[in-house]
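Structural features, examined
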Amino acid sequence: MKHIAVVGVGYVGLVSAAGFADLGNRVIALDINEERINGLKKGIMPIYEPGLEEMVERNVASERLSFTTSYAEAIMGADFVFIAVGTPSGVDGEADLKYVKSAAESVAQVMDAPLIIVNKSTVPVGTGDWVAEIIRNSQPKPIPFSVVSCPEFLREGSAILDFMNPARTVLGSQDYEAADKVAQLHLPLRAPIMITNLRTAEMVKYASNAFLATRISFINEIANICEALGADVKEVSTGMGYDARIGPYFLDAGLGYGGSCFPKDVKALAHMADEKGRHPQILQAVMDINDDRRRLLVEKIREGVGDFEGKVIGILGLTFKPNTDDLRDAPALDIAKRLLEGGAKVSAYDPVGMPGAAKLMPEIDMVEDPYALAEASDALVICTEWNEFKQLDLQRIKDLLRNPIIIDGRNIYEPHEMAQLGFTYLAVGRGYHGGKPING
Ligand code: UGA
């Protein structure tokens with residue numbers, strides 16, 4: 001049983017803390033936010049994440065997991081400290097490292113025995129070396145330590161599953177022995193483990209997120225072309241995905257990427273390249289295409305309903321993706337803002353995102369279910385592909401709506417079926433409405 005301290009109880013920190021405790025380690029999770037820690041001590045999760053509450057409860061009950069706001073308490077006797085604090089975007093798109101800096105300083109001030117400091121936060125290439133310097137300069141007396149980069153690849157909404165079934169573990173350090181000790185912690189996960197140098201590990205994280213974002217912008221560009229040429233992007237991506245060199249993932253055209261990771265990480269990587277005089281041409285195009293997705297959907301809504309003045313537009317789905325309550329950079333909120341600016345009224349329904357959204361945008365009228373939303377609206381706009389929206393009684397929705405118009409930013413229905421039901425159905429990149437696909 002190893003003793004692990006985790007700094008930061010956001011998505012990455014809390015899931016890692018619960019996950020490593022579940023693997024049999026003794027974990028103390030620390031955050032400087034007292035409200036979050038007090039909540040966690042009472043079993044209140046600061047985020048919605050399927051399976052997290054049960055996992056936290058189970059490990060707290062077996063005394064493998066506990067919470068604190070005290071660095072001294074968390075670090076005492078720890079073999080490893082994982083830094084999992086936020087790295088938001090700074091003014092020019094660069095990652096803001098103030099939380100990493102203060103975590104490193106605080107750890108340095110209280111450590112009283114050799115320690116392996118593992119960085120899980122997404123940080124610019126070179127940050128590991130900088131963290132080592134901060135620790136060296138902040139220690140009251142020199143105590144040996146090593147810094148290991150261990151980027152996190154889990155997705156919100158399936159974070160527990162991803163933690164327990166990673167595609168790989170990437171570790172980077174100048175100290176191979178320290179990296180190998182961190183590797184031992186990951187052995188029960190039975191995934192490939194790669195050990196490289198610090199900067200390369202840091203770069204693997206950015207390159208992976210930027211590549212996935214590139215796939216999304218690529219398929220969105222193809223969707224635009226499909227619309228113009230009368231092809232169906234959903235079938236195009238299915239057809240492409242059968243090629244093992246391409247694969248089926250991250251080829252869903254729609255509203256583009258949102259959330260707290262891709263937008264910030266692509267920007268930060270472009271910023272790092274710019275700073276070194278390497279013009280990031282693909283990354284720039286990826287961001288431009290993504291920025292345009294929301295404007296294009298609003299144009300589509302206008303195509304469906306005409307002038308917004310006096311219309312009520314019902315938004316189905318507010319979170320940036322399903323199975324999370326996260327509203328950071330959520331396309332739905334941006335789209336709602338544009339509709340309101342255009343003179344429309346906006347109503348919305350989301351299975352878990354409404355309390356948060358009501359705080360951010362009180363001008364949106366929240367309703368209790370999709371049918372109440374249809375009843376209140378001139379047209380429906382799908383912004384998040386929650387499973388429950390795929391099973392709606394569409395006949396009932398049609399009867400309730402003032403006009404049978406659905407603008408689908410996530411392509412969850414089949415155009416020919418919607419046409420048969422009598423809807424005006426405007427989806428993304430689905431130029432071919434000629435009939436049922438042969439094997440559909
Ligand atoms: C992403 C990565 O997938 C994780 O591997 C990574 O660890 C995480 O960022 C991070 O850096 O912390 P996440 O932001 O939770 O995870 O969500 P994704 O499932 O990757 O979706 C990101 C965005 O892309 C969402 O807005 C989603 O709607 C959009 N997306 C995804 C598409 O528009 N099309 C797709 O085909 C896939």
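Attention here is on the structure that accompanies the text. (Residues numbered from 1 in each chain as written. Predicted model: local features only at pLDDT ≥ 70, side-chain atom pairs only at ≥ 80, totals over all residues. Heavy atoms only, no water.)

**Side note on the overall build of the protein**
The secondary structure content of the protein amounts to 18 helices and 14 strands. Whereas a compact globule of 440 residues would reach a radius of gyration of roughly 22 Å, the protein reaches 24 Å, a difference of no more than 12%. Taking the principal axes of its C-alpha atoms as reference, the protein extends roughly 75 × 45 × 40 Å. A separation of at least 24 residues holds for 72% of the contacts in the protein among residues at least 6 apart in sequence. Surface exposure of the protein reaches about 19900 Å², of which carbon and sulfur atoms provide 52%. Distance between charge centroids for the protein: 3 Å, based on 44 positive and 60 negative side chains. (Helix = DSSP H or I, 4+ residues; strand = E, 2+ residues; numbered from the N terminus. Rg over C-alpha atoms; globule rule 2.2 N^0.38 Å. Contact = heavy atoms within 4.5 Å. Areas by Shrake-Rupley, 256 points an atom, 1.4 Å probe, with all protein chains shown as cover. Lys, Arg positive; Asp, Glu negative; His and termini not counted. Charge placed at Lys NZ, Arg CZ, Asp CG, Glu CD.)

**Some remarks on helix α10 (residues 233-241)**
Residues of α10 that are buried: V233, S237, M240 and G241. Down the axis of α10, the sector holding all buried residues measures 95 degrees, keeping them to one side. The N-terminus of α10 is capped by D232, whose side-chain oxygen sits 2.9 Å from the backbone nitrogen of K234. (Buried < 20%, exposed > 50% of the residue type's maximum accessible area, 1.4 Å probe, protein only. Arc of directions from axis to C-beta. Polar contact = N/O pair within 3.5 Å; in protein donor to acceptor, adjacent residues only side chain to side chain.)

**Regarding the pairing of strand β12 (residues 379-382)**
Of the two faces of β12, both are covered, the one formed by A379 and V381 as well as the one formed by L380 and I382. As paired strands, strand β9 (residues 312-316) and β12 are joined by four bridges and run parallel to one another. Paired with G314 across the strands is L380, a residue of β12. Pairing analysis gives three bridges linking β12 to strand β13 (residues 405-408), with the strands arranged parallel. Each bridged residue has a counterpart across the sheet, and for I382 the counterpart in β13 is D408. (Pairing = 2+ DSSP bridges.)

**So, the sheet that holds strand β14 (residues 424-426)**
Strand order in the open sheet formed by six strands is β11-β10-β9-β12-β13-β14, and the pairing between neighbours is parallel. Looking at the sheet topology across the chains shown, the edges are occupied by β11 (365-366) and β14. Relative to β11, strand β10 (residues 345-349) runs parallel, the two being bridged by two bridges. When the bridges of β11 are listed, S347 appears paired with D365. Against the sheet, helix α12 (residues 281-305) engages β9, β12, β13 and β14, with an angle of about 165 degrees to β13. In the packing of helix α13 (residues 331-341) onto the sheet, the strands contacted are β9 and β10, and the crossing angle to β9 comes to about 180 degrees. (Axes fitted to C-alpha atoms, helices over the stretch in contact; angles between N-to-C directions.)

**A short note on the packing of aromatic side chains**
For any pair of aromatic rings, geometry is given as the distance between the ring centres together with the angle between the planes. This model, assessed by the stated rule, comprises six aromatic pairs. Centroid distance F20 to F82: 5.1 Å. Interplanar angle 40 degrees. Geometry classified as tilted. Of the two residues, F20 sits in helix α1 (residues 11-22) while F82 sits in strand β4 (residues 80-83), which places them 62 residues apart along the sequence. Through pairs of rings, three or more aromatic residues link up here, namely F20, F82 and F163. When the ring centre of Y371 is taken as origin, the NZ or CZ atom of R396, which lies over that ring, is 3.9 Å away. (Phe/Tyr/Trp six-rings, centres within 6.5 Å; stacked < 30°, edge-to-face > 60°. Lys NZ or Arg CZ within 6 Å of the ring centre and 35° of its normal.)

**Thoughts on the layout of surface pockets**
Empty space left among the atoms is revealed by rolling a probe the size of a water molecule over them. Quantified by volume, the second largest pocket comes out at close to 280 Å³. Around the second largest pocket, the lining is made up of 14 residues, and of these P124, V125, M272, E275 and K276 lie nearest the centre. When contributions to the lining of the second largest pocket are tallied by element, the ones reaching two or more residues are α9 (198-229) and α11 (262-275). The leading source of residues in the lining of the second largest pocket is α11, at six residues. The residues that make up the lining of the second largest pocket include at least three from each of domain 1 (3-196) and domain 2 (231-437). (1 Å grid on protein atoms, 1.4 Å probe; cavity = no way out; pocket = protein on both sides within 12 Å on 5 of 7 lines; lining within 4 Å. Points joined across faces, edges and corners; volume = space filled by probe spheres on them. Domains from an automatic or database assignment.)

**Quick look at the packing of α9 against α10**
Taken N-terminus to C-terminus, the directions of α9 and α10 make an angle of 130 degrees; their axes are 9 Å apart at the nearest point. In terms of orientation, α9 lies oblique with respect to α10. The hand of the α9/α10 crossing is right-handed. Packed against α9, whose contacting residues are F218, I219, I222, A223 and C226, the element α10 presents V233, V236, S237 and M240 at the interface. Split into classes, the residues belonging to the contact of α9 with α10 amount to eight nonpolar, one polar and no charged. (Parallel < 35°, antiparallel > 145°, perpendicular 65-115°, else oblique. Left-handed = near helix turned anticlockwise from the far one by under 90°. Nonpolar A, V, L, I, M, F, W, Y, C, P; charged D, E, K, R; others polar.)

**Focus: the environment of K311**
Relative to the helices and strands, K311 resides in the loop between α12 and β9. Taking the C-alpha atoms as reference points, K311 and D326, 15 residues apart in sequence, are found 28 Å from one another. Apart from residues no more than four positions distant in its own chain, K311 is found in contact with V305, G306, A344, K345 and D378.

**Thoughts on unusual backbone geometry**
A positive phi angle, close to 55 degrees, is found at R190, a residue other than glycine. Exposure remark for R190: the relative accessible area of 77% places this residue in the exposed category. You will see that F250, though not glycine, has its phi angle at about 55 degrees, which is positive. Tracing the backbone through its elements, the reader meets F250 in the loop between α10 and α11. Given a relative accessible area of 30%, F250 falls into the partly exposed group.

**Quick word on the nonpolar core**
Among the nonpolar cores identified, the biggest contains 59 residues, and I301, I315, L318, L339, I397, I406 and Y413 are the most heavily contacted of them. Looking at this core, the element that brings in the most residues is α13, giving five residues. Apart from residues no more than four positions distant in its own chain, L318 is found in contact with L327, A330, A332, L333, A348, D350, M354, A357, M366 and T384. (Core = buried A, V, L, I, M, F, W, Y, C linked by side-chain atoms within 4.5 Å.)

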